[in-house]
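One-letter residues, chain by chain:
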Amino acid sequence: MAWSGQGMRTGIGKGLAALHLRARLLPCLRPQFRQARRRLKVLTPQRALWIRFTLAIAAGLCLSASFPKLSLAGLAWIAPGFILFVALGHGGAQAFRLGCAAGLAHELVTLHWLLFIPYPVGAVMGWLALSAYLALWPGLWVWLCWKFSPKPPAAKASREASTNHDSTIQPF
């Protein structure tokens, strides 16, 4: 299909040509779109939670990378914020669990030297027990940040609307 020079100069012809090309190609691509849609996995709440736990573990490993063995000092500033970001939007218990997962990954890496104790069974048990205990502290920190963080204005407004029963407008 040929376009006149007038239409091409004004830009109208380009838009019409693109629409015409899409209209001709779309029926050919529809089976491919359907196949791609079937292959596309839906992000269910359970999968989203697994992704969050994976990100929390990655944040804990980033925090461990800031320690002297790798000495990526900038990660010491980024990893705590990343841990809080992963817990953003969840309730208190879930925020605590995500913080514990990040803390456990961090402690397992930083306390690896406990495995060099000559008694291997005791070393592994001590390494796991101490790492699990110390993982509670980042979990507590994330929970406290969740507890004392300011709530979104929409949630605050809906809470005030539900508690304010009189119809007068209060200036303050």
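The sections below set out a description of the structure shown in this document. (Residues numbered from 1 in each chain as written. Predicted model: local features only at pLDDT ≥ 70, side-chain atom pairs only at ≥ 80, totals over all residues. Heavy atoms only, no water.)

### Structural notes on the overall build of the chain
Per the secondary structure count, the chain includes 7 helices and 0 strands. In the chain, the succession of α and β elements from N to C terminus is α-α-α-α-α-α-α. Out of the 172 residues belonging to the chain, those deemed buried represent 20%. Across the chain, the fraction of contacts at a sequence separation of at least 24, relative to all contacts at a separation of at least 6, is 58%. Counting only carbon and sulfur atoms, one obtains 72% of the accessible surface of the chain, whose full area is about 12900 Å². (Helix = DSSP H or I, 4+ residues; strand = E, 2+ residues; numbered from the N terminus. Buried < 20%, exposed > 50% of the residue type's maximum accessible area, 1.4 Å probe, protein only. Contact = heavy atoms within 4.5 Å. Areas by Shrake-Rupley, 256 points an atom, 1.4 Å probe, with all protein chains shown as cover.)

### A short note on the side chain of E107
With respect to the helices and strands, E107 occurs in helix α5 (residues 92-110). No salt bridge is formed by the buried E107. Its closest oppositely charged neighbour is K69, at 16 Å. With near-sequence residues (within four places) excluded, E107 lies in contact with W127, S131, L134 and A135. (Lys, Arg positive; Asp, Glu negative; His and termini not counted. Salt bridge = Lys/Arg side-chain N within 4 Å of Asp/Glu carboxyl O.)

### Things to note about the packing of helix α4 (residues 75-87) against α5
For the pair α4 and α5, the least separation of the axes is 9 Å and the interaxial angle reads 145°. Read as a crossing pair, α4 and α5 show a hand that is right-handed. Contact with α4, carried on its side by I83, V86 and A87, involves A95, L98, G99 and A102 of α5 and no other residues of that element. Here the residues of the contact of α4 with α5 are counted per class, giving 6 nonpolar, 1 polar and no charged. (Axes fitted to C-alpha atoms, helices over the stretch in contact; angles between N-to-C directions. Left-handed = near helix turned anticlockwise from the far one by under 90°. Nonpolar A, V, L, I, M, F, W, Y, C, P; charged D, E, K, R; others polar.)

### Observations concerning the packing of aromatic side chains
Applying the stated criterion across every chain, the model contains 1 aromatic pair. Taking the centre distance of 6.3 Å and the plane angle of 90° together, the rings of Y133 and W137 count as edge-to-face. Linking Y133 with W137, this pair stays in helix α6 (residues 120-148), spanning 4 residues, or about one helical turn. A relative accessible area of 46% means that Y133 is categorised as partly exposed. (Phe/Tyr/Trp six-rings, centres within 6.5 Å; stacked < 30°, edge-to-face > 60°.)

Just distances and angles here, no functional claims.
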